[in-house]
Amino acid sequence: MSAERPTKPPQRAELRQAVALRYDADAAGAPEVVAKGQGLVAEAIINRAKEAGVYVHESPQLVQLLMAVDLDTQIPPALYTAVAELLAWLWRLEAGGEPKESPDLHLP
């Protein structure tokens with residue numbers, strides 16, 4: 001009689017996460033988290049952004065940090081540099097500049 005090792009259950013695929021930010025350059029203050037979610041909610045956020053012509057940037061590390069921010073709350077100062085780098089890159093992209101590649105964000 002041979003003993004078989006118990007097999008590990010298959011790992012669940014990680015749920016996709018998404019965070020939407022709002023930033024008004026003319027208003028005082030930092031960008032705000034206006035939507036966030038995972039799974040189907042994340043997919044809906046991404047789809048709505050694309051339908052509205054909003055660029056969707058994928059940065060799992062930044063999303064993970066932003067998921068900890070409450071809805072309708074400004075991002076914390078620790079994320080100012082990373083989000084500013086991303087916004088500057090997006091503005092150059094929208095202005096018709098040739099983006100080299102996604103920005104190398106400086107995350108805390």
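Here the structure is shown first, and the text comes after it.
Residue positions within a chain follow its written sequence, with the count starting from 1. Confidence filtering applies because this is a predicted model: local features only for residues at pLDDT of at least 70, side-chain atom pairs given and counted only at 80 or more, and all residues used for totals across whole chains, interfaces and linings. To obtain the side-chain values, all non-hydrogen atoms of the structure were included, while hydrogens and water were left out.

Undergrad: Honestly, the overall build of the protein chain in this entry has me stumped. Any pointers?
TA: Going along the chain from the N terminus, every DSSP run of H or I of four or more residues is numbered as a helix, and every run of E of two or more is numbered as a strand. Secondary structure summary: the protein chain contains three helices and three strands in total. If you list the helices and strands of the protein chain from N to C, you get β-β-α-α-β-α. For the protein chain, long-range pairs separated by at least 24 residues make up 59% of all intrachain contacts whose partners lie at least 6 apart in sequence. Contacts: residue pairs with any heavy atoms within 4.5 Å of one another.

Undergrad: Before we go on, may I ask you to explain the sheet that holds strand β2 (residues 32-38) in this structure?
TA: In this description, strands pair whenever DSSP reports at least two bridges between them. Strand order in the open sheet formed by three strands is β1-β2-β3, with antiparallel pairing between adjacent strands. Bordering the open sheet on either side are β1 (17-22) and β3 (73-74), each of which pairs with just one other strand. Summarising the sheet, β1 and β2 pair through six bridges and their orientation is antiparallel. Looking across to β2, one finds that glutamine 17 is bridged to glutamine 38. Together, β1 and β2 form the strand contacts of helix α1 (residues 40-51), whose direction differs from that of β2 by roughly 130°. Between the N-to-C directions of two axes lies an angle of 0 to 180 degrees, each axis being a line fitted to C-alpha atoms and, for a helix, fitted only over the stretch in contact.

Undergrad: Can you walk me through unusual backbone geometry in this structure?
TA: Backbone geometry follows two general trends: most residues other than glycine have a negative phi, and most peptide bonds adopt the trans configuration. Notably, aspartate 72 is not glycine yet its phi reads approximately 60°, a positive angle. Partly exposed residues are those whose accessible area sits between 20% and 50% of the maximum for their type, while under 20% is buried and over 50% is exposed, using a 1.4 Å probe and protein chains only. A relative accessible area of 57% places aspartate 72 in the exposed class.

Undergrad: What is the right way to look at α1 in this model?
TA: Because each turn of an α-helix spans 3.6 residues, side chains separated by three or four positions end up pointing in the same direction. In this scheme, a helix's expected span is set at 1.5 Å multiplied by one less than its residue total. In a regular helix each residue adds 1.5 Å, so 12 residues correspond to 16 Å; α1 covers 16 Å between its end C-alpha atoms and thus fits that length. For α1, every residue scored as buried is listed here: Ala42, Ile45, Ile46 and Ala49. Buried residues of α1, seen end-on, are gathered within an arc of 95° and therefore sit on one face of the element. Along α1, the residues that are exposed and aim more than 90 degrees away from the buried face are Leu40, Arg48 and Glu51. The inward-facing, buried residues of α1 contact β1 and β2. Each direction from the helix axis to a C-beta atom contributes to the arc, which is the arc of those directions.

Undergrad: Quick question: what am I supposed to make of the pairing of β2 here?
TA: On a regular strand, each side chain points to the face opposite its neighbour's, so the side chains alternate between the two faces of the sheet. Inspection of the sheet shows β2 paired to β3 by two bridges, in the antiparallel sense. Along β3, the bridge assignment pairs valine 33 with threonine 73.

Undergrad: I would appreciate a short explanation of the packing of aromatic side chains in the present structure.
TA: Both the distance between ring centres and the angle between the ring planes are used here to describe each pair of aromatic rings. Classification of ring pairs uses Phe, Tyr and Trp, with its six-membered ring standing for Trp, and accepts pairs whose centres are within 6.5 Å; under 30 degrees between planes counts as stacked, over 60 as edge-to-face, and the remaining range as tilted. Evaluation of the coordinates by the stated rule reveals two aromatic pairs. With a centroid separation of 6.2 Å and 40° between ring planes, the pair formed by tyrosine 23 and tryptophan 91 is classed as tilted. Of this pair, tyrosine 23 sits in the loop between β1 and β2 while tryptophan 91 sits in helix α3 (residues 80-94), and the two are 68 residues apart along the sequence. The partly exposed category is assigned to tryptophan 91, whose relative accessible area is 45%. A ring pair is formed by tyrosine 55 and tryptophan 89, whose centres lie 5.4 Å apart and whose planes are at 65°; its orientation type is edge-to-face. Here tryptophan 89 lies in helix α3 and tyrosine 55 lies in the loop between α1 and α2 (60-66), a separation of 34 residues in the sequence.

Undergrad: It is not clear to me how the pattern of salt bridges should be interpreted in this structure. Could you clarify?
TA: Two side chains carrying opposite charge are able to pair once their charged atoms lie near each other. Every case where a carboxyl oxygen of Asp or Glu lies within 4 Å of a side-chain nitrogen of Lys or Arg is listed as a salt bridge. Inspection of every chain in the model, using the stated rule, returns three salt bridges. Between arginine 16 and glutamate 43 there is a salt bridge, with the nearest N and O atoms lying 3.6 Å from each other. Residue arginine 16 is located in the segment before β1, and its partner glutamate 43 is located in helix α1; the two are separated by 27 residues in the primary sequence. The shortest N-O distance in the salt bridge between arginine 16 and glutamate 58 comes to 2.9 Å. Linking arginine 16 in the segment before β1 with glutamate 58 in the loop between α1 and α2, this pair joins segments that are 42 residues apart in sequence. Sharing partners across several salt bridges, the network here consists of Arg16, Glu43 and Glu58.

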